[in-house]
Amino acid sequence: MEGRLGVRKTYKLFIDGRFPRSESGRTFRYASRDGVVTVQLSEASRKDLRMAVRAARRAYPGWRARSGYNRGQILYRIAEMVEDRAETFIGQLALQATIGSARREVSEAIDLLIWYAGWCDKYQQVIGNMNPVAGPYFNISTPEPMGVVGVVAPGQPALLGLVGALAPVMVSGNAAVLLASSSQAIAAVTFAEAVATADVPPGVVNILTGSSAELAPWMAGHMDINALDLSGVPPESSPTLEEAASHNLKRIGRWDASDRNLNRIAAFTEIKTVWHPKGR
Amino acid sequence: MSADQPVLADSESPPRWEYQESRENPSLAAVRDRYGLWIDGGEVEPLSQKWFPSIEPATEDHLAMVAEAGSSDVDRAVRSARDAAGDWATRPAGDRAKFLFRIARLIQERSRELAVLDTRDGGKPIREARDIDLPLVAAHFFYHAGWADKLDYAFAGVNPQPLGVVGQVIPWNFPLLMAAWKVAPALATGNTVVLKPAETTPLSALRLAEIAADAGLPPGVLNVIPGAGRTGADLVSHRGVDKVAFTGSTEVGKQIRRRLAGTGKPLTLELGGKGAHVVFEDAPMDQAVEGVVNGIFFNQGQVCCAGSRLLVQESVAADFVQRLRRRLLTLRVGDPLDKNTDVGAINSAAQLEKITGLVEAGRSEGAQIYQPPCQLPDRGYWFPPTLFTEVSQSHRIAQEEIFGPVLSILTFRTPTEAVERANNTPYGLASGVWTAKGSRILWMADQLASGVVWANTYNQFDPASPFGGVKESGFGREGGRHGLAAYLKGMG
């Protein structure tokens, strides 16, 4: 509408299915390349991170207990919600990229969500199996989720890096705490809004905007996180984080932002083998 | 518990439970007077100029007139599928996934309507259509959608390729579910389809074609041509069909196998069964009674994997039979649209005649019949829940598939004897094992000659789980990773 003054969105954190500001009261300023658009975003603190981990831990058993079919439908629903907000995402990504590449990225992110949605009730059939042990035993190995996974998403491409890291963690039933880099924070918050309307149980996905460099070490040292996706961490920071992660032997994965493969799912599962005797 | 100490002294007095009729509204499924064939993305008049009625088995009313595909119609449908095959096979696999996801979603949205449609057209209880058939239909499309772009993972290192045009013939017992079992994996793997639904239940398959069109599925990818046996025969022997998939009777399955002899055409057959429940003395009895009842009276026993034989260990046989008889008294037989109904209508006059004939054979061969008192409606095709005791291995009711609500009860003493008896039919589709002992379940599962073994449960279905038979119950699997193989080059 010509001359109408717009209403601006407040960008907040996403913890336990709600959108709080940082408990610290901190925010940071994001400006588009041309300086026309400026936004204040919540800058998550160590305590926000702890709250997010607690929410994820609470949500984990329920999410894990859902059928793969159900998780698949929910991931598909996220894709529906992102598709519905496609123009919003394109606008946000275009703040730092060309409109063409923004458009491509949103399409790819949606398709990637659908690709992972389909895995929820299939990855077990590909990476699990019967074991032909030499005795009268039934013996089967199947993958299980690990628990709470901390994700440092690649900052570029902003949306695709985030989706590509988060979706495979969710597939098997893990709960996630994701640190969005400041360059992807706007899209990350809009993505959180899509997640919040996609029947994802509160706490399964938590998204913190702010400084990954500040929060990642706390994440690596947190004793109630089971695994880390460090794809968004610069190589020089990795050794320190891996060292901190060794306290409770967190599993660690790292991929290129464009990697989409079964290993990203498998990396956040544990194989469980069950023996049972056979006999009349 | 010994056989001569029945625990249920009052087992013959029927519980007096009042039910208030709760009838689903039949107009939820709007039915037109006439349905044509679905070819090349739209409804067309049959070149055969022939039409046949689809009858509501609960009332014997004509639901609709449906086009019968003649050989030139079959030819037209196969050509339409052939024309669509190239683009469908070569377009991005992710697109195929998206089409199937869309179809799954539309089925979820329209499931109440579709449940009513199958109940009216086929006679099954609305409770089953609503709670079992339709959720599974949607799930099958959803599950296979996800495979469409992951075939390289399902079969690593072989570069899986579609076969081309698939001719599929399905039965009337689960009209839309059987369509889903056939269509979803075929499309996911990149094939195009000509589907022939059963002549007594063509309506939901035609509606599936409409739904697929609403989902934007390209014309020709899914064609639906109603008709009877002749249409099916024309389809499976058409030279333009690259693969045949059939679900139905063992007799027709063998005819198809003969017809395809020497053609090299891939074939999968999901045929009849004579499923055995094996109930051991340590089984959880109430649970086993429920499982056996569900196993044989689900869908009026018109289920290829119905548990139509009960093998119960001698030490608990008398007690178990009494429990079963008492449970039968609470089954509600009648109007399939009533949500209270447990046992609905038999699908057709012909099927009723077949059931009646075999039950007569059971009587005349010396088995003891039990049927609970129940009032059957005046119109429609009905058969009461039926138990036979004193059944011997050689009786026809212990060997032949009845495809009706009739359970033949035999006994055994040892696990080995149970296995021998369970395996003593030409069939091998599904079996049930009821025991508290885990090791025995797994031992039995190894010994039983059947494609599916259910332990302490029965009639479980899931798109992720392969289903299919051994011996004369057919070959090939539907569902799961293994079910995909049936629709890929060099694998089925």
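The structure displayed is predicted, hence computed values, not measured ones.

Looking now at the overall build of chain A. Regarding its fold elements, chain A presents 10 helices and 10 strands. Relative to the 2.2 N^0.38 estimate, which gives 19 Å for 280 residues, the radius of gyration of chain A is 20 Å and therefore close to what a compact globule would have. Burial status across chain A gives 53% buried among its 280 residues. Of the accessible surface of chain A, which amounts to about 12200 Å², a share of 52% is contributed by carbon and sulfur atoms.

Residues and elements named next belong to chain A. One ladder, built from 2 bridges, connects strand S3 (residues 129–130) with strand S4 (residues 137–145); its direction is antiparallel. Each residue of the ladder has a partner; that of asparagine 129, found in S4, is serine 141. Where S3 hands over to S4, the hairpin turn is made up of 6 residues, counted between the paired strands. Pairing analysis gives 9 bridges linking S4 to strand S10 (residues 269–277), with the strands arranged antiparallel. Looking across to S10, one finds that threonine 142 is bridged to lysine 272.

A separate point is the nonpolar core. Counting 164 residues, the largest nonpolar core has Phe191 of chain A together with Ile107, Phe141, Val279, Phe320 and Leu324 of chain B as its most contacted members. Two domains each donate at least three residues to this core, and these are domain 1 (31–271 + 470–485) and domain 2 (273–455) of chain B. Apart from residues lying up to four places away in sequence, phenylalanine 191 of chain A is in contact with Ile78, Val82, Phe89, Leu113, Leu159, Leu162, Val163, Leu166 and Ile207 of chain A. Formed by 28 residues, the second largest nonpolar core is a distinct cluster that contains Ala276, Val359, Val406 and Trp443 of chain B.

Below, the discussion takes up the domain arrangement of chain B. Residues and elements named next belong to chain B. Segmentation of chain B into domains returns domain 1 (31–271 + 470–485) and domain 2 (273–455). In this complex, domain 1 contributes 32 residues to the contact, which on the side of domain 2 involves 35 residues. Carbon and sulfur atoms supply 54% of the area buried between domain 1 and domain 2, which totals about 2700 Å² over both sides. Along the contact surface separating domain 1 from domain 2 lie 2 salt bridges. In this structure, arginine 379 and aspartate 61 form a salt bridge, with 3.0 Å as the shortest nitrogen-oxygen distance. One can count 19 residue pairs in polar contact (both at pLDDT 80 or more) joining domain 1 with domain 2. Counting residues per element, the ones that place at least two in the side of domain 1 that touches domain 2 are helix H3 (111–122) and helix H4 (126–147). Looking at side-chain class alone, the side of domain 1 that touches domain 2 contains 11 nonpolar, 9 polar and 12 charged residues.

Moving on, we come to the interface of chain B and chain A. Interface size is often expressed as the accessible area that is lost when the parts come together. Every contact between the two is made by 27 residues of chain B and, on the other side, 24 residues of chain A. Taken together, the links from chain B to chain A amount to 3 salt bridges. Summed over the shared surface of chain B and chain A, the result is 16 residue pairs in polar contact (both at pLDDT 80 or more). Ranked by the residues each element gives to the side of chain B that touches chain A, the list is headed by H4 of chain B, at 7 residues. Per-class residue counts for the side of chain B that touches chain A are 12 nonpolar, 6 polar and 9 charged.

Between glutamine 156 of chain A and proline 157 of chain A the backbone carries a cis peptide bond, its omega angle lying at -10°. Tracing the backbone shows proline 157 of chain A in the loop between strand S5 (148–152) and helix H6 (158–171). Positive phi values are uncommon outside glycine, yet asparagine 456 of chain B reaches one of about 55°. Mapping asparagine 456 of chain B onto the fold places it in the loop between strand S17 (452–455) and strand S18 (474–475).

Let us now look at the side chain of glutamine 73 of chain A. Turning to its location among the elements, glutamine 73 of chain A is positioned in helix H2 (residues 68–84). A distance of 2.6 Å separates polar atoms of two side chains, one belonging to glutamine 73 of chain A and the other to glutamine 108 of chain B. Residues within four places of glutamine 73 of chain A in sequence aside, it is in contact with Arg105, Gln108 and Phe142 of chain B.

To continue, consider the sheet that holds S4 of chain A. Strand order across the open sheet formed by 3 strands is S3-S4-S10 (chain A), with antiparallel pairing between neighbours. The sheet terminates laterally at S3 and S10 of chain A, the two strands that pair on one side only. With respect to the sheet, helix H15 (residues 438–447) of chain B is in contact with S4 and S10 of chain A, its orientation differing from that of S10 of chain A by roughly 90°.

This part takes up empty space enclosed by the protein. Residues and elements named next belong to chain B. The full count for this structure, using the stated rule, is 6 cavities of 30 Å³ or more. Here the largest cavity is characterised by a volume of approximately 80 Å³. Forming the boundary of the largest cavity are 15 residues, of which Arg309, Ala422, Ala430, Ser431 and Ala449 lie nearest the centre. A per-class count over the lining of the largest cavity returns 7 nonpolar, 6 polar and 2 charged.

With that settled, the discussion passes to H6 of chain A. Residue and element names in this part refer to chain A. In this model, H6 (14 residues) spans 21 Å end to end at C-alpha, consistent with the 20 Å of a helix rising 1.5 Å per residue. In terms of burial, H6 is a largely internal element, 14 of the 14 residues being buried. A positive backbone phi angle near 115° is found at glycine 173, which sits one or two residues after H6.

The rules behind these values
- Residues numbered from 1 in each chain as written.
- Chains lettered and ligands numbered in written order.
- Predicted model: local features only at pLDDT ≥ 70, side-chain atom pairs only at ≥ 80, totals over all residues.
- Heavy atoms only, no water.
- Helix = DSSP H or I, 4+ residues; strand = E, 2+ residues; numbered from the N terminus.
- Rg over C-alpha atoms; globule rule 2.2 N^0.38 Å.
- Buried < 20%, exposed > 50% of the residue type's maximum accessible area, 1.4 Å probe, protein only.
- Areas by Shrake-Rupley, 256 points an atom, 1.4 Å probe, with all protein chains shown as cover.
- Pairing = 2+ DSSP bridges.
- Core = buried A, V, L, I, M, F, W, Y, C linked by side-chain atoms within 4.5 Å.
- Domains from an automatic or database assignment.
- Contact = heavy atoms within 4.5 Å.
- Buried area = accessible area lost by both parts, 1.4 Å probe.
- Salt bridge = Lys/Arg side-chain N within 4 Å of Asp/Glu carboxyl O.
- Polar contact = N/O pair within 3.5 Å; in protein donor to acceptor, adjacent residues only side chain to side chain.
- Nonpolar A, V, L, I, M, F, W, Y, C, P; charged D, E, K, R; others polar.
- Axes fitted to C-alpha atoms, helices over the stretch in contact; angles between N-to-C directions.
- 1 Å grid on protein atoms, 1.4 Å probe; cavity = no way out; pocket = protein on both sides within 12 Å on 5 of 7 lines; lining within 4 Å.
- Points joined across faces, edges and corners; volume = space filled by probe spheres on them.
- Expected span 1.5 Å × (residues − 1).

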